[in-house]
Amino acid sequence: MNVGIIGSGTMGSGIAQVAATAGCQVKLYDTNQAALDKAKATLEKILNRLIEKGRIDADEKNRIQSNISYVGNLKDLSDSNLTIEAIVENLDIKKKVFSELESYVADDCIIASNTSSLSIASIAASLQKPERCVGIHFFNPAPLMKLVEVIPAIQTSEVVLQKSINTISDWKKVVAVAKDTPGFIVNRVARPFYGEALRIYEEGIADFTTIDWSLKTIGGFRMGPFELMDFIGNDVNYTVTETVFTAFYFDPRYKPAFTQKRFSEAGYLGRKSGKGYYDYTEGATKPAPIEDKALAEKIFNRVIVMLINEAADALFLNIASAEDIDNAMTKGVNYPKGLLAWADEIGIDKCVTALDRLYDEYHEDRYRCSPLLRKMNREHKTFF
Ligand code: NAI
């Protein structure tokens, strides 16, 4: 299979590695020669590291490398069966590239976008044959993260959707099919992990370390929300939150937090700037959490019911199937359990009661319980 990748930055180069490892002939295109050179050098380093770890041998490295060619003309992608675009997140630029690309490729070439925040329908509309367009959304780093969200636009044909699912599965990834709505699955359902943690901090209930400790100790999350926001970058995480909030017509459930905005404005971006919620400069020590089990339970319960509510509401609105929603969170962001399975384990009645308590306390729409969760509670059902 011939695969064309447009944009050789963080995502494009990772996707090229995945496709080449699966045996596809990959052409990686970028307008910037320096970006192409960097992609090539980075792949060399990654493959050498895999050899050191004993994961691949020198033959495999050669095979993967010889499956990728680095090209500087869009026209070079004309023999592609599938193209995946991973350029700058700008609709006008993407549209321009897509309509030029369509003039070079065959009629049955699938034209996909890796966009995180633009609608697939809006990108597809730039094509003569919009039915060939689909969202294929990888997670960073693409070679390591198992999940890929596949997003059909309202224009996408069933054949294109099925072919895309089959190809991505052949690349040994876990596919979750998501409706073309803001944040797809992961970037929507994960919002309360950050948002509710920030709110708990803003109310003065606990500090960053104690909140992180609570979610790791009681919930089994690998990283606490503040550690994770520092890892992702407060600028990047804040922008995703603000984009999702705006795209949902300002639904208060997705309202960004001033704390994160200020951290972002101050340049306290996290690990990459040496300071975020924590200090990453040499010799800095992390403050100790308040190891109060009762407080930790309270913090964990509040965050987990908000996450479960978001997952239930995504199911309620047919964003994806229950299996795909749970897979998305375990394979896309490494949650210890799927949120719907977690709801079954906690008890849907307890989740509804906790959410109603929050709603009664705050009278904010943010804490409204999903109609699906309430209905399931009435009918004594479980998700699985
Ligand atoms: P990046 O900035 O690392 O790479 C973008 C590349 O596209 C650059 O090398 C640039 O030279 C090239 N480019 C820009 N305009 C171009 C054009 N007109 N034609 C050809 N090449 C062009 O960006 P990154 O982070 O890889 O993101 C790319 C896309 O993937 C965006 O749509 C983003 O929303 C999406 N995405 C990003 C994730 C992330 O964690 N970084 C995760 C999932 C999706």
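It should be emphasised that the depicted structure is a prediction, and the values quoted were computed from it without experimental measurement.

Below, the discussion takes up the layout of surface pockets. Once rolled over the atoms, a probe with the size of a water molecule shows which space is left empty. Taken as a whole, the largest pocket spans an internal volume of roughly 1,500 Å³. Listed by contribution, the elements that provide at least two residues to the lining of the largest pocket are α1 (10–21), β6 (133–138), α7 (186–189), α8 (191–202), α10 (225–232) and α11 (234–247). At seven residues, the largest contribution of residues to the lining of the largest pocket is made by α11. Grouping the constituent residues of the lining of the largest pocket by class yields 24 nonpolar, 17 polar and six charged. Each of domain 1 (2–177) and domain 2 (188–378) accounts for three or more of the residues forming the lining of the largest pocket. Of the voids in this model, the second largest pocket is the one considered here, and its volume is about 960 Å³. Lining of the second largest pocket is provided by 38 residues; of these, Gly14, Gln17, Ile46, Pro143 and Leu144 occupy positions nearest its centre. Secondary structure elements with two or more residues in the lining of the second largest pocket: α1, α2 (33–52), α3 (58–66) and β3 (68–71).

Attention now goes to the state of the cysteines. Formally, a disulfide is one covalent bond, and it connects the sulfur atom of one cysteine to the sulfur atom of another. In the structure shown here, the tally under the stated rule is zero disulfides. Among the cysteines around cysteine 24, which has no disulfide bond, cysteine 109 carries the closest sulfur, lying 13 Å off. With no disulfide of its own, cysteine 109 has cysteine 133 as its nearest cysteine by sulfur position, at a separation of 11 Å. Relative accessible area serves as the criterion here: at 1%, cysteine 109 is assigned to the buried category.

Turning next to the site of the ligand. Residues in close proximity to the ligand total 22 residues, the closest being Thr10, Met11, Asp30, Glu89 and Lys94. Aspartate 30 places a side-chain nitrogen or oxygen 2.7 Å from an oxygen atom of the ligand. Starting from 840 Å² of accessible surface for the ligand in isolation, the protein chains cover 73%. The cavity where the ligand resides is the largest pocket. At the level of secondary structure, the elements contributing two or more residues to the shell around the ligand comprise α1, α4 (91–104) and β6. Looking at the shell around the ligand, the element that brings in the most residues is α4, giving three residues.

Bringing the nonpolar core into the picture now. What tends to happen in soluble globular proteins is that the nonpolar side chains get buried as a cluster. Grouped together as the largest cluster of nonpolar side chains are 82 residues, with contacts concentrated most on Leu339 and Leu373. Among the elements that line this core, the one with the most residues is helix α13 (residues 293–316), at twelve residues. For this core, the two domains that each supply at least three residues are domain 1 (2–177) and domain 2 (188–378). Excluding residues that lie within four positions of it along the chain, leucine 339 makes contacts with Val189, Ile304, Leu307, Ile308, Ala311, Asp326 and Met329. Of all hydrophobic cores here, the second largest spans 36 residues; its members include Ile15, Ala20, Ile84 and Ile110.

Closest axis-to-axis distance for the helix α9 (residues 208–217)/α13 pair is 8 Å, and the angle between their directions is 75°. Considering the angle they form, α9 stands roughly perpendicular to α13. Contacts from Thr210, Ile211, Trp213, Ser214 and Leu215 in α9 reach Leu295, Ala296, Ile299, Phe300 and Val303 in α13. Partitioned by chemical class, the residues of the contact of α9 with α13 number eight nonpolar, two polar and no charged.

Criteria and thresholds
- Residues numbered from 1 in each chain as written.
- Predicted model: local features only at pLDDT ≥ 70, side-chain atom pairs only at ≥ 80, totals over all residues.
- Heavy atoms only, no water.
- 1 Å grid on protein atoms, 1.4 Å probe; cavity = no way out; pocket = protein on both sides within 12 Å on 5 of 7 lines; lining within 4 Å.
- Points joined across faces, edges and corners; volume = space filled by probe spheres on them.
- Helix = DSSP H or I, 4+ residues; strand = E, 2+ residues; numbered from the N terminus.
- Nonpolar A, V, L, I, M, F, W, Y, C, P; charged D, E, K, R; others polar.
- Domains from an automatic or database assignment.
- Disulfide = S-S within 2.5 Å.
- Buried < 20%, exposed > 50% of the residue type's maximum accessible area, 1.4 Å probe, protein only.
- Near = heavy atom within 4 Å.
- Polar contact = N/O pair within 3.5 Å; in protein donor to acceptor, adjacent residues only side chain to side chain.
- Areas by Shrake-Rupley, 256 points an atom, 1.4 Å probe, with all protein chains shown as cover.
- Sits in = over half its atoms within 2 Å of the grid points.
- Core = buried A, V, L, I, M, F, W, Y, C linked by side-chain atoms within 4.5 Å.
- Contact = heavy atoms within 4.5 Å.
- Axes fitted to C-alpha atoms, helices over the stretch in contact; angles between N-to-C directions.
- Parallel < 35°, antiparallel > 145°, perpendicular 65-115°, else oblique.

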